[in-house]
Amino acid sequence: QVQLVESGGGMVQAGGSLKLSCAASGTIFSIKSMGWYRQAPQKERELVAGITSGGSTNYADSVKGRFTISRDNAKNTVYLQMNSLKPEETAVYYCRMSPVDSLGRQRDDWGQGTQVTVSS
C-alpha cells in the first residue's frame, strides 16, 4: 500500500504564492514520475507539471515561468512552488506518483487533493 499526503493548499490573493507538498509513504523502492494536476469546478482534470526520476520537468503552457516542480527522492516528496497565482487557477490540486516496489511492480497513485483558492 502506498499513501500520498498533500499539504500546503489554502487561500491566497491574486499575485500571491503557495507551495504544495506531497509525501508518499508505504512499500516504496523508488518512484518514477511525479506530477501535479488540478481540477476546477465543471472542468476536467489537467496536468500542471511533471518531473521524472532523472529530474526532467514539463509544464502546462499556462504555468510556465510561474510554477516550479521539484522532488526530494530521499523523502519521497514532490513540491510545487506556485507564484503569481491567478483567480482562474482556483482548483483542487492533486499529486500523482508512480512508485515501484522491490519486485519492480509499478503503481499509479493519486493524492486526496488540496484546495487552492485565489481571490481577486
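That block above? That's the structure.
Sequence order sets the numbering: in each chain, residues are counted from 1 along the sequence as written. Local features are withheld for residues below a pLDDT of 70 in this predicted model, meaning they are given only at 70 or higher, and side-chain atom pairs are given and counted only at 80 or more; totals for whole chains, interfaces and linings count all residues. Computation of side-chain values: all heavy atoms of the structure, hydrogens and water removed.

A. View of the sheet that holds strand S7 (residues 67-72). Two strands form a pair only when DSSP identifies at least two bridges running between them. Numbering of helices and strands starts at the N terminus; helices are DSSP runs of H or I of at least 4 residues and strands are runs of E of at least 2. With antiparallel pairing, four strands are arranged side by side in an open sheet as S1-S3-S8-S7. Two strands close off the open sheet at either side, each with one partner strand: strand S1 (2-7) and S7. Neighbour-to-neighbour, the strand axes of this sheet turn through a mean angle of 15 degrees, independent of strand direction. Bridge count between S7 and strand S8 (residues 77-82): six bridges; the pairing is antiparallel. Across the sheet, Arg71 pairs through a bridge with Val78, a residue of S8. Lines fitted to C-alpha atoms define the axes here, with helix axes fitted over just the stretch in contact, and angles between the N-to-C directions of these axes take values from 0 to 180 degrees.

B. Representation of the pattern of salt bridges. In the sections that follow, a salt bridge refers to a side-chain nitrogen of Lys or Arg positioned within 4 Å of a carboxyl oxygen of Asp or Glu. This structure, assessed with the given rule, holds seven salt bridges. Two residues, Arg96 and Asp108, come together in a salt bridge whose shortest N-O distance is 2.7 Å. Remark: Asp108 occurs in the loop between strand S9 (91-100) and strand S10 (109-110) and Arg96 occurs in strand S9; sequence separation between them is twelve residues. Linking Asp109 and Arg107 is a salt bridge whose minimum nitrogen-to-oxygen distance equals 2.9 Å. The buried label goes to any residue with under 20% of its type's maximum accessible area, the exposed label to any with over 50%, and the partly exposed label to all in between, with areas taken from a 1.4 Å probe on protein chains only. Take Arg107: its relative accessible area is 35%, and that puts it in the partly exposed class. What emerges from the salt-bridge pattern is a single network uniting Arg38, Glu46, Arg66 and Glu89.

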